[in-house]
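Structure at a glance
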Amino acid sequence: CKRAESQRRTVSGSEDHRIGDIHMELSKLTALQLADKIKKHEISVLDGVKEVFSQIEEKDGQIHAYLDTYKKEAYARAKEVQKGIDEGIYTGPLAGVPIAVKDNICVQGKPTTCASKILEGFVPQYQAEVIDRLEKAGMIIIGKTNMDEFAMGSTTETSAYGVTRNPWNKEHVPGGSSGGSCAAVAAGEAYLALGSDTGGSIQPSSYCGVTGLKPTYGTVSRYGLVAYASSLDQIGPVGKDVADCAALLEVIAGHDPKDSTSIDRHDLDFGKEMTDKIAGMKFGVPKEYLAEGLSPDVKDAFMETLKVLTQMGAIVEFFSVKTMEYMIPAYYIIASAEASSNLERFDGVKYGYRAAEYDGLHDMYKRTRTEGFGEEVKRRIMLGSFVLSSGYYDAYYLKALRTKALIKKEFDEAFEKYDVLLAPAAPYTAPKLGESLKDPMAMYLGDIYTVAVNLCGLPGITVPCGKDKIGLPIGIQMIGDCFMEKKILRAAHAYEKARGDFGTPEEGGREA
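Position numbers for residues count from 1 along each chain, tracking the sequence in the order it is written. Totals for whole chains, interfaces and linings use every residue, but because this is a predicted model, local features are given only for residues with pLDDT of at least 70 and side-chain atom pairs only at 80 or more, for both listing and counting. With hydrogens and water excluded, all non-hydrogen atoms of the structure serve as input to the side-chain values.

1. Focus on the packing of aromatic side chains
- Geometry of aromatic contacts follows a simple scheme: Phe, Tyr and Trp rings, the Trp one being its six-membered ring, pair when their centres are within 6.5 Å, and the pair is stacked under 30 degrees between planes, edge-to-face over 60, tilted otherwise. Under the definition given, this model contains 15 aromatic pairs.
- Taken together, a centroid distance of 5.7 Å and an interplanar angle of 65° make the contact between Trp 168 and Phe 502 edge-to-face. Remark: Phe 502 occurs in the loop between helix H16 (485-499) and helix H17 (505-508) and Trp 168 occurs in the loop between strand E3 (140-145) and helix H6 (179-186); sequence separation between them is 334 residues.
- For each residue, the accessible area found with a 1.4 Å probe, counting protein chains only, is set against the maximum for its type, and the residue is called buried under 20%, exposed over 50%, and partly exposed in between. When its relative accessible area of 10% is taken as the criterion, Phe 502 is described as buried.
- Within the aromatic cluster, the residues linked to one another by ring pairs are Phe 122, Phe 150, Phe 346, Tyr 351 and Phe 373.
- Here, over-ring charges are defined by two tests on the NZ atom of lysine or the CZ atom of arginine: distance to the ring centre within 6 Å, and angle to the ring normal within 35 degrees. Here the guanidinium or amino end of Lys 110 rests over the ring plane of Tyr 70, the centre of that ring lying 4.8 Å away. Numbering of helices and strands runs from the N terminus; a helix is a DSSP stretch of H or I covering at least four residues, while a strand is a stretch of E covering at least two.

As structure tokens, then:
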């Protein structure tokens, strides 16, 4: 009896140890590695989904990356996808991978709030084109991630449902507006995530030590994306590495007749030309991007990255961008003008929040919008309404559009000389919670290196390149000409290989 009890303990102990090993192994896999193990029947689709929910249950109480999770539906979907993989229905490189979705992307039958009180109770009866494409690829949607309200902010602190914290240091912000998506990937609460980018909103990748890709405008359908600034918005992938982002972009990219700005592209095999060889590639660095306002830690990491690229055989040159001082003003005028137009539909009549007490229709509009929108959204609506008003339209909005054309012309000239442009992703590492909201102008200036990518419709990718003195991640941004995602993916992938493993928050971050 004693021998049998001892054997049971030994078996039980080794089983617990094996499960623990699998847990540790799964949490460190990239999305492509997870999918490969599923295809080889080393693990099941359900194992990957369970791992994600295990991480959410363990960490999200502190991080708050998610606004909503779909555990029951995800488990049922995992069984359905497993059957599809076994039967050869789902054969893509990301089949079976769990993914998180930013909460301004509609999923049919699930609440979409854009992290705003004014969309309280709104459940769309249709879904975004990108969601259809994820499902056709055999991916499993885990839930909706937190964000700045209507994507207006750079810290994920303007959310009506609470702040998201940076997994590397919970006293700091994860960036914004796609902070929930980036924090979820960084914390292991998702293998991949979708974000959206209007002026650098996939930039939280830089703050969270993960990789984010903003595609050329029109490459990914905006159908089902709740609009902030329609001429600038673009959905993009967030992943643990460059290869994951390239694979996810292949899934979501492509022409969509439901989106009038969608481009009919045929060069969508983004991972095909990724190598670790960039000898002879020409990289341009705008001198103005390294001027006043750049943190010493960020500058040191950036210059070290230039050195690595040079050692790999790349040609790195500095050049001048004369329109840099106009980028932030042009961006905020155009974005706010479009936001004021797009957000007028939220009035308490058709869906979402409505004020409890009001006197007549116009008072209902006023009270609903006053109570439903947050301070930052109101600020941008008022700015947009001002620049579009009859007395100021020519002086501000039209001038901003002309400036946008000049900025695009200058970037076009740069791409005649260079394959890829290099810039810091942000002038500093993740600020402490509460710091940015004290000074909105300083928060706006934090987008200085990213807004041009959206103004010009260019593709850009952010890759981790170092850490500051307290262990917070630093990112480098690689910008390509329109439709040149393959070039920036190749450059980013080669740099990533040379850099080596960046580590995880558990390995390199500090607790609050």
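2. Examining helix H9 (residues 296-311)
- Multiplying 1.5 Å by the helix residue count minus one yields the expected span of that helix. Taking 1.5 Å per residue, 16 residues should reach 22 Å; H9 reaches 23 Å between its end C-alpha atoms and fits that length.
- Within H9 the residues assigned to the buried category are Asp 297, Val 298, Ala 301, Phe 302, Thr 305, Leu 306, Val 308 and Leu 309.
- Should any heavy atoms of two residues lie within 4.5 Å, those residues are counted as being in contact. Looking at the buried positions of H9, the neighbouring elements they touch are strand E7 (282-286), strand E8 (315-319), strand E9 (420-424), strand E10 (460-467), strand E11 (473-479) and H16.
- Here H9 starts with a cap whose side-chain oxygen sits 3.3 Å from the backbone nitrogen of Asp 297, and that cap is Ser 295.
- Where H9 ends, the next residue or the one after it, Gly 313, has phi of about 100°, a positive value. Under this definition, polar contacts are N or O atom pairs within 3.5 Å; protein pairs additionally need one hydrogen-donor-capable and one acceptor-capable atom, and for neighbouring residues in sequence, both atoms have to be side-chain atoms.

3. Concerning the confidence of the model for the chain
- pLDDT measures the predictor's confidence residue by residue and takes values from 0 up to 100. With 95% of its residues at a pLDDT of 70 or more, the chain shows a mean pLDDT of 93.
- A low-confidence stretch, residues 1-20 (pLDDT under 50), is modelled with zero contacts involving residues beyond four sequence positions or located in other chains.

4. Some points on the sheet that holds strand E1 (residues 66-69)
- The eleven strands lie next to each other as E1-E3-E2-E4-E6-E5-E10-E11-E9-E7-E8, forming an open sheet whose pairing is mixed. Edge positions in the sheet fall to E1 and E8, since each of these pairs with one other strand and no more. Averaged over all neighbouring strand pairs, the angle between strand axes comes to 30°, with direction disregarded.
- Here, a strand pair is defined by DSSP locating no fewer than two bridges between the strands. The pairing of strand E5 (residues 211-214) with E10 spans three bridges and is classified as antiparallel. All axes are obtained by fitting lines to C-alpha atoms, using only the stretch in contact for helices, and the reported angles, taken between N-to-C directions, cover 0 to 180 degrees.

5. Regarding the pattern of salt bridges
- We count a salt bridge whenever a side-chain nitrogen from Lys or Arg sits within 4 Å of a carboxyl oxygen from Asp or Glu. Evaluated as defined, the whole model comprises 29 salt bridges.
- Note that Asp 269 is salt-bridged to Lys 272, the shortest N-O span being 3.9 Å.
- Note on Lys 272: relative accessible area 65%, which makes it exposed.
- Residue Lys 408 pairs with Asp 412 through a salt bridge whose shortest N-O separation is 2.8 Å. Here Asp 412 and Lys 408 lie together in helix H13 (residues 393-415), a separation of four residues that amounts to about one turn.
- Looking at Lys 408, the relative accessible area reads 25%, which means it is partly exposed.
- Salt bridges sharing partners connect three or more residues here, namely Glu 129, Arg 133, Asp 256 and Lys 258.

6. Focus: the environment of Glu 410
- For Glu 410, the location among the structural elements is in helix H13.
- For Glu 410, a relative accessible area of 13% corresponds to the buried category.
- Put simply, Glu 410 and Ser 320 are 90 residues apart on the chain and 9.6 Å apart in space, counted from C-alpha to C-alpha.
- The residues contacting Glu 410, other than those within four sequence positions of it, are Ser 320, Val 321, Lys 322 and Thr 323.
- Separated by 2.6 Å, the side chains of Glu 410 and Thr 323 make a polar contact.

7. Brief notes about unusual backbone geometry
- Cis geometry marks the peptide bond from Gly 176 to Ser 177; its omega dihedral reads 5°.
- Within the element layout of this structure, Ser 177 appears in the loop between E3 and H6.
- In the Ramachandran plot, His 41 falls in the positive-phi region, its phi being about 60° despite a non-glycine side chain.
- With respect to the secondary-structure elements, His 41 resides in the loop between helix H2 (31-39) and helix H3 (45-63).

8. Describing the nonpolar core
- Definition used in this section: a nonpolar core is a set of buried Ala, Val, Leu, Ile, Met, Phe, Trp, Tyr and Cys residues joined via side-chain atoms within 4.5 Å. Core analysis: the largest hydrophobic core is formed by 154 residues, its most contacted members being Leu 134, Phe 150, Leu 248, Ile 252, Phe 411 and Leu 422.
- At ten residues, the largest contribution of residues to this core is made by helix H10 (residues 324-342).
- Residues in contact with Ile 252, not counting those within four places in the same chain, are Val 130, Arg 133, Leu 134, Leu 194, Val 220 and Ile 235.

9. Examining helix H12 (residues 375-388)
- For H12, built from 14 residues, the straight-helix expectation of 20 Å at 1.5 Å per residue is met to within 8% by its first-to-last C-alpha distance of 20 Å.
- If you check which residues of H12 are buried, you get Glu 376, Val 377, Arg 380, Ile 381, Gly 384 and Val 387. For H12, the angular spread of buried residues about the axis comes to 135°, placing them on one side. Away from its buried face by more than 90 degrees, H12 exposes Glu 375 and Met 382. Directions pointing from the helix axis toward each C-beta atom define the arc.

10. Topic: the pairing of E9
- Most of E9 is tucked away: five of the five residues are buried.
- The alternating pattern of E9 places Val 420, Leu 422 and Pro 424 and Leu 421 and Ala 423 on opposite faces, both of which are buried.
- As judged from the two bridges shared by E7 and E9, these two strands associate in the parallel manner. What sits directly across from Gly 284, in E9, is Leu 421.
- When E9 meets E11, the two strands line up antiparallel, connected through four bridges. Following the sheet pairing, Leu 422 is matched in E11 by Met 478.

11. Some words on the environment of Ser 206
- Assignment of secondary structure puts Ser 206 in helix H7 (residues 204-208).
- For Ser 206, a relative accessible area of 4% puts it in the buried group.
- Measuring from C-alpha to C-alpha, the distance between Ser 206 and Gln 477 comes to 8.6 Å, with 271 residues separating the pair along the chain.
- Not counting chain neighbours up to four residues away, the residues in contact with Ser 206 comprise Ala 425, Thr 462, Pro 473, Ile 474 and Gly 475.
- Here the side chain of Ser 206 touches Gly 475 through a polar contact of 3.5 Å, landing on its backbone nitrogen.

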